[in-house]
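Chain and residue survey
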Amino acid sequence: MKIKEVTNYLEKLAPLQYAEDFDNVGLLVGSYDSEISGVLVTLDTLEETVDEAIEKNCNLIVSFHPIIFGGLKKLNGNNYVERVVLKAIKNDIAIYATHTALDNSNNGVSAKMCEVLGLSNNKILIPKKGIIKKLTTYVPTENAITLREALFNAGAGNIGNYDNCSFNIEGNGTYRGNENSNPVIGKKGVLHTEKETQISIIFESKNENAILKALHENHPYEEVAYEIVETENIHQNIGMGMIGELPTEMEEKDFLLFLKQAMKTDCVRHSSFIDKKIKKVAVLGGSGSFAISNAKKAGADAYVSADFKYHEFFKAENSILLADIGHYESEQFTKNLLVDYLTKKFTNFAIILSEKSTNPIYYI
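Heads up: these notes are all about the structure in this document. Along every chain, residues carry numbers that run from 1 in the direction the sequence is written. The predicted origin of the model limits local features to residues at a pLDDT of at least 70 and limits the giving and counting of side-chain atom pairs to 80 or more, whereas totals for whole chains, interfaces and linings rest on all residues. To get the side-chain values, all heavy atoms of the structure are used, and hydrogens and water are removed first.

**What about the layout of surface pockets?**
Volume-wise, the largest pocket comes out at about 610 Å³. Each cavity reported here is a set of points on a 1 Å grid over the protein atoms alone in which a 1.4 Å probe fits but cannot get out, each pocket an open set with protein on both sides within 12 Å along at least five of seven lines, and each lining residue one with an atom within 4 Å of a point. If you trace the largest pocket, you find 32 residues lining it, with Phe22, His65, Phe69, His99 and His327 closest to the centre. For the lining of the largest pocket, the elements supplying multiple residues, two or more each, are helix H3 (80–90), helix H4 (99–103), strand S5 (120–129), strand S12 (278–287) and helix H10 (327–331). In this structure, the second largest pocket encloses a volume near 340 Å³. Around the second largest pocket, the lining comprises 16 residues; the ones closest to its centre are Ile132, Asn158, Ile159, Gly160 and His235. Here a strand is any run of E in DSSP of at least two residues, a helix any run of H or I of at least four, and the numbering for each starts at the N terminus. If you list the elements that add at least two residues to the lining of the second largest pocket, you get strand S8 (192–204) and strand S10 (234–250). Residues that form the lining of the second largest pocket fall into these classes: five nonpolar, nine polar and two charged. Grid points are joined across faces, edges and corners, and a volume is the space filled by probe spheres set on the points. Only Asp, Glu, Lys and Arg are considered charged, only Ala, Val, Leu, Ile, Met, Phe, Trp, Tyr, Cys and Pro nonpolar, and every remaining residue, Gly among them, polar.

Structure below.
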């Protein structure tokens, strides 16, 4: 089995199109065509992680954080990033990163936090824009049903709880082929008018290749006229963070103590108590200060994330309890999520949870 089969399966959970523009996700080191011997799943890829992969005969490291984030201009081993990449290449070990693609997944980092905290009725905190595109094409009316069905089967036409969604307009299309044309309908060099149906249909960007394939395979014309535009529509099931509800409301101090125990952290930094019981909780793995206003707007009683700066705690403004549990601590269960996901699919080689803690922060 090749590495490509594993990464294809990972991209069903966390399509690379879900990643933020600034991010670097996917296969960072190695070849998709390499035969796989085993998979080591980790939060970060360090030199000791590569050593662990060598020891356990794993030639693919699936990492949450990308070891290569900015551009590498040289590989001299002068810093830990260069040393990791050099060691991986030398030992034929591939490195794959999911990062914000998994952050934005409906079953990703924030969903795992909700699971650990026992939250229910979970919804995306910041639905993502730029994921929904629209295809418009023109087809002879007699072929419209066949083409629509093919596009639906390829993943187009899904809106929230509805599928097979499209908009159709009847009209007349005109064209004239030159001497090199081979028109299916009409004759070359002769202006032709055809009763056509304009089909407009939305789709998730991850399905674009499959939808274009279906379009060209099921459209009768030699030259297929179509356009694709990116919409500003949000996708309610894709995006950063989640908000859900505790089984029962808790006093603020009790909630923080529960949070400390459930998230296995040695330190919880929090804003001042506001004499409000905690029921509705927003979460976001990693650096989440940018979403404080979103948590407040969503009506959260508490917001759990990491990397809040001093002045950002003032943003609580006596309306929400802010809890910073640490970057590593907020994302630590992501490894378990990925191992569970891969193990259900692949049983003919080892899927191993890294035993190494890559948390660079210690508490005294």
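**Looking at helix H1 (residues 3–13)**
The complete set of buried residues in H1 reads Ile3, Val6, Thr7, Tyr9, Leu10, Glu11 and Leu13. Those residues of H1 hidden inside the fold are in contact with strand S1 (26–29), strand S3 (60–63), strand S4 (94–97), H4 and helix H11 (334–345). Exposure categories follow from relative accessible area, calculated using a 1.4 Å probe and restricted to protein chains: below 20% of the type maximum is buried, above 50% is exposed, and the middle band is partly exposed. In this description, contact between two residues means that some pair of their heavy atoms is separated by no more than 4.5 Å.

**Looking at the pattern of salt bridges**
We define a salt bridge as a side-chain nitrogen of Lys or Arg found within 4 Å of a carboxyl oxygen belonging to Asp or Glu. All chains considered together, the criterion is met by 15 salt bridges. Put simply, Lys87 and Asp51 hold a salt bridge, and the shortest N to O gap is 3.0 Å. With Lys87 in helix H3 and Asp51 in helix H2 (residues 47–55), this residue pair connects regions lying 36 residues apart in the sequence. Taken together, the salt bridges that share partners define one network made up of Glu52, Lys56 and Glu355.

**Section: H2**
Among the residues making up H2, those that are buried are Thr49, Val50, Glu52 and Ala53. Buried residues of H2, seen end-on, are gathered within an arc of 155° and therefore sit on one face of the element. The elements touched by buried residues of H2 are strand S2 (38–42), S3, H3 and strand S15 (350–353). Of all possible arcs, the one meant is that of the directions from the helix axis to the C-beta atoms.

**Structural notes on the nonpolar core**
Judged by nonpolar contacts, the single largest core of 30 residues is most densely connected at Val39, Leu60 and Leu342. Among the elements of the structure, H1, S2, S3, S4, H4 and H11 are those that each provide at least two residues to this core. Every residue in contact with Val39, bar those within four places of it in the chain, is listed here: Cys58, Leu60, Val62, Leu342, Phe349, Ala350, Ile351 and Ile352. Buried residues of nine kinds, namely Ala, Val, Leu, Ile, Met, Phe, Trp, Tyr and Cys, make up a nonpolar core once their side-chain atoms join them within 4.5 Å. Of all hydrophobic cores here, the second largest spans 24 residues; its members include Leu119, Leu321, Ala323 and Phe333.

**Let's talk about the sheet that holds S4**
Pairing is mixed across the open sheet formed by five strands, whose spatial order is S1-S4-S3-S2-S15. Taken across any chain shown, the strands that pair with only one partner, and hence form the sheet edges, are S1 and S15. Across this sheet, the average inter-strand angle for adjacent strands is 25°, counted without regard to direction. Alignment of S3 against S4, held across four bridges, turns out to be parallel. Bridge pairing in S4 links Leu60 to Ala94. Each of S2, S3 and S15 is contacted by H11, which is oriented at about 170° to S15, the strand it contacts most. Strand pairing is assigned whenever DSSP detects at least two bridges linking the two strands. For helices, the fitted line uses only the C-alpha atoms of the stretch in contact; every axis is such a line through C-alpha atoms, and the angle between N-to-C directions lies from 0 to 180 degrees.

**Structural notes on the packing of H2 against H3**
Orientation of H2 relative to H3, taken along the N-to-C sense of each, is 15°, at an axis distance of 9 Å. The angle between H2 and H3 places the two elements in the roughly parallel class. Classified by chirality, the crossing of H3 by H2 is right-handed. Taken together, the residues of H3 that come into contact with H2 (itself represented by Glu47, Val50 and Asp51) are Arg83, Val84, Lys87 and Ala88. Considered class by class, the residues forming the contact of H2 with H3 number three nonpolar, no polar and four charged. If an angle is under 35 degrees, it is roughly parallel; if it is over 145, roughly antiparallel; if it lies from 65 to 115, roughly perpendicular; otherwise it is oblique. In this scheme the handedness of a crossing depends on how the near helix is turned from the far one: anticlockwise by less than a right angle means left-handed, clockwise means right-handed.

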